[in-house]
Amino acid sequence: MILYHGSYSDIRTPDLVHSRNNVDFGHGFYTTPIYEQAVKWCEKFKRRGKNGIVSRYSFDEKACQELKVLKFNSYSEEWLDFILNCRTENDSTDYDIVIGGVANDKIFNTIELYFDNLIDKKEAIRRLRYEKPNLQICFRSQKALDMYLHYEGSEQV
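Please read these numbers as outputs of a predicted model, since none were measured by experiment.

A. Local environment of the sheet that holds strand 1 (residues 2–7). Strand order in the open sheet made by the three strands is 1-3-7, with antiparallel pairing throughout. The outermost strands of the open sheet, each flanked by one partner alone, are strand 1 and strand 7 (149–156). For this sheet, the mean inter-axis angle between neighbouring strands, taken without regard to orientation, is 25°.

Following this line, the structure appears as structure tokens:
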């Protein structure tokens, strides 16, 4: 499978050192199989006057059988709880890879309403089911990056 990462620089050797903690699936290196989504991730860097670079990788899917992987097939209560735990730095899981939908701005608005106790969990899930899921694959261990993700090249967008 081909995966993409949107950034301001070419990432030939992904690592966890440059990752933030309080994001969707916690500390990790984020990729997507959707090229257009990686290009969109570059927009924030371009708005700051930096380059937009999409790096391309081949992903050895044997990782899904050999590592500890969590996969969310849809927006669900479990996905919502996991996102909230990660964004508030309360995640204590040890998954090597987490796969699931992105909490983009539109989706995050619903999450914020839930987080602020303005809507309950059922209402949040009801609203999210109308959103078109996108996909991110977060590599949360260096072993997963080193063994299963292989740099193929990059391009400026």
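B. Fine view of the packing of aromatic side chains. According to the stated counting rule, one finds ten aromatic pairs in the structure shown. Chaining the aromatic ring pairs together yields one cluster made of Phe25, Phe72, Phe82 and Tyr95. Across from the ring centre of tyrosine 8, 4.4 Å away, lies the NZ or CZ of lysine 50, which sits over that ring. Directly above the aromatic system of tyrosine 95 lies the positively charged group of lysine 68, at a separation of 5.2 Å from the ring centroid.

C. Molecular detail of the pattern of salt bridges. If you walk through the whole model with that rule in mind, you get eight salt bridges. For the salt bridge of arginine 12 with aspartate 10, the shortest nitrogen-to-oxygen distance reads 3.0 Å. Under the relative-accessibility criterion, aspartate 10 is labelled partly exposed at 28%. Aspartate 60 is the partner of lysine 62 in a salt bridge, and the nearest nitrogen-oxygen pair spans 3.9 Å. Given the relative accessible area of 24%, aspartate 60 is considered partly exposed.

Definitions and limits used
Residues numbered from 1 in each chain as written. Predicted model: local features only at pLDDT ≥ 70, side-chain atom pairs only at ≥ 80, totals over all residues. Heavy atoms only, no water. Pairing = 2+ DSSP bridges. Helix = DSSP H or I, 4+ residues; strand = E, 2+ residues; numbered from the N terminus. Axes fitted to C-alpha atoms, helices over the stretch in contact; angles between N-to-C directions. Phe/Tyr/Trp six-rings, centres within 6.5 Å; stacked < 30°, edge-to-face > 60°. Lys NZ or Arg CZ within 6 Å of the ring centre and 35° of its normal. Salt bridge = Lys/Arg side-chain N within 4 Å of Asp/Glu carboxyl O. Buried < 20%, exposed > 50% of the residue type's maximum accessible area, 1.4 Å probe, protein only.

Worth remembering: the numbers are spatial, not functional.
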